[in-house]
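Coordinate inspection notes
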Amino acid sequence: MINFEYTRVSSVKAAVDTLAKNPTGGFIAGGTNLIDLMKKGVTTPTRLIDINNLPLKDIEETIAGLKIGALAINSEVSQNEIVKEKYPLLMMALKAGASAQLRNMATVGGNMMQRTRCTYFYDIAMPCNKRQPGSGCGAFQGYNRMHAIFGASNKCIAVHPSDMCVALAALNATVTVSGPKGERKILFTDFHRLPGDNPEKDNTLLKGELITGVTIPKNNFTKNVYYLKIRDRASYAFALISVAAALELNGNTIKAARLAMGGVAHKPWRLTEAEKFLTGKTATKENFTKAAELAMKGAKAYGHNDFKLKMGPIAIVEALMKAAQ
Ligand code: SF4
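Residues numbered from 1 in each chain as written. Predicted model: local features only at pLDDT ≥ 70, side-chain atom pairs only at ≥ 80, totals over all residues. Heavy atoms only, no water.

1. Concerning the sheet that holds strand β11 (residues 253-262)
Strands belonging to one sheet form pairs held by backbone hydrogen bonds; the direction of such a pair is parallel or antiparallel. Within the open sheet, the four strands sit side by side as β9-β10-β11-β12. Their pairing is antiparallel. Of all strands in the sheet, those bounded by a partner on one side alone are β9 (224-230) and β12 (269-270). Looking at chain direction, β11 and β12 are connected through two bridges and run antiparallel. Pairing of M261 across the sheet is with W269, part of β12. Strand contacts of helix α5 (residues 88-96): β9 and β10 (241-250), with the helix running at about 15° to β9, the strand carrying the most contacts. The strands that helix α14 (residues 307-324) touches are β9, β10 and β11; relative to β10, the one it contacts most, it runs at about 35°. (Pairing = 2+ DSSP bridges. Helix = DSSP H or I, 4+ residues; strand = E, 2+ residues; numbered from the N terminus. Contact = heavy atoms within 4.5 Å. Axes fitted to C-alpha atoms, helices over the stretch in contact; angles between N-to-C directions.)

Have a look at this one:
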């Protein structure tokens, strides 16, 4: 671990200004991923800018939906009464993530900023285009059981590890960020990016920008939702595959459907074709199976993760069946 300087700030402006003056620095909130990255020498910020005192912890209902501050703690969001009643898909995804101890430290913004858990990324003796652009990809020919089946490139086949982000992508959330040029909003589905030729970039944040919050628009996905997470252990394990499923039902007819997968791509993977197919159909296993077939179009595996091609459609059908119940 390298030496670094430490600054604590108490306003968004001070945070943004401090990073602008220290471009090789970085923000720290819960630190649940960043400290690991620093210990292993994967990330080497010269100054940590502690943002824990910023007024970004509120969870509030507005006319438009639910506003969650970037520093709201994952466990507090999952236990919030409005979230439980009106955004239960988010609650389920948060509870599926990490361990209780980590959820008590991790923030919403930090959860979005966490890096892939590809083991080659964390081993600085191995080639990794994401850690060191141009060095190669250890996982391509190596052990790639946890890796992507959608949207990968020949530079990187890593997956985004978050559960919370899969639910936020399904719920059409928006991210608010502040930077040297002011505030802007990014659709959640545009926040994380595919690796392409630049896998070192996980997201579409511009230089010096800070996430300040997330907004989920009002919706009717309050009853028929399910977050299915398939993993090697019952707790404290990243998803092999996860599925966020939300249905708005009128009797047995699907008025609206939302579907997203985790553990399969460099970003939460929204299944829009399957959603369109399901809209107006009856909520039957047969229709869910057809939707899963559509969702898996274009999937490609890399050897050790071949099983995901079979597991994917089964997981989609199961999540939809549970949501419909
Ligand atoms: Fe690095 Fe991506 Fe390859 Fe993993 S899959 S070794 S993160 S380039």
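2. Some details on the side chain of R103
Looking at the element boundaries, R103 is found in helix α6 (residues 100-103). It turns out R103 is buried and unbridged, and the closest side chain with the opposite charge, D163, is 7.9 Å from it. A distance of 3.3 Å separates a polar atom in the side chain of R103 from the backbone oxygen of K95. Filtering out sequence-adjacent residues up to four positions away, R103 remains in contact with I73, N74, S75, L94, K95, G97 and A98. (Buried < 20%, exposed > 50% of the residue type's maximum accessible area, 1.4 Å probe, protein only. Lys, Arg positive; Asp, Glu negative; His and termini not counted. Salt bridge = Lys/Arg side-chain N within 4 Å of Asp/Glu carboxyl O. Polar contact = N/O pair within 3.5 Å; in protein donor to acceptor, adjacent residues only side chain to side chain.)

3. Points about the domain arrangement of the protein chain
As assigned here, the protein chain comprises domain 1 (5-52) and domain 2 (224-324). In this structure, domain 1 and domain 2 have C-alpha centres spaced 36 Å apart. (Domains from an automatic or database assignment.)

4. Topic: the site of the ligand
By nearness alone, 14 residues border the ligand, and C118, C128, C137, C156 and I157 come closest of all. For the shell around the ligand, the elements supplying multiple residues, two or more each, are α8 (119-122) and α9 (138-141). Here the shell around the ligand is composed, by residue class, of nine nonpolar, three polar and two charged. (Near = heavy atom within 4 Å. Nonpolar A, V, L, I, M, F, W, Y, C, P; charged D, E, K, R; others polar.)

5. What about the nonpolar core?
One finds I68, V77, L89, L90, M112 and I216 to be the most contacted residues of the largest nonpolar core, which totals 41 residues. With seven residues, the single largest contributor to this core is helix α10 (residues 164-170). In contact with L89, not counting residues within four places along its chain, are A167, A170, L171, V225, Y226, Y227, A244, A245 and A246. Counting 30 residues, the second-largest nonpolar core is a separate cluster that includes A245, A274, F277 and A301. (Core = buried A, V, L, I, M, F, W, Y, C linked by side-chain atoms within 4.5 Å.)

6. As for helix α13 (residues 285-295)
Regarding α13, the residues found buried are N287, F288, A291, A292 and A295. Projection of α13 onto a plane perpendicular to its axis shows the buried side chains occupying an angular sector of 140°, all on one side. Facing away from the buried surface of α13 by more than 90 degrees, the exposed residues are E286 and E293. Contacts from the buried residues of α13 go to β10, β11, α12 (272-278) and α14. (Arc of directions from axis to C-beta.)

7. Looking at the pairing of β11
Burial of β11 is extensive: eight of the ten residues sit out of reach of the surface. Taking the residues that link successive antiparallel strands as the turn, the β10-β11 hairpin has two residues, and the phi of G251 there is positive, at about 65°. The antiparallel hairpin formed by β11 and β12 contains six residues in its connecting segment, where G263 sits at a positive phi of about 75°.

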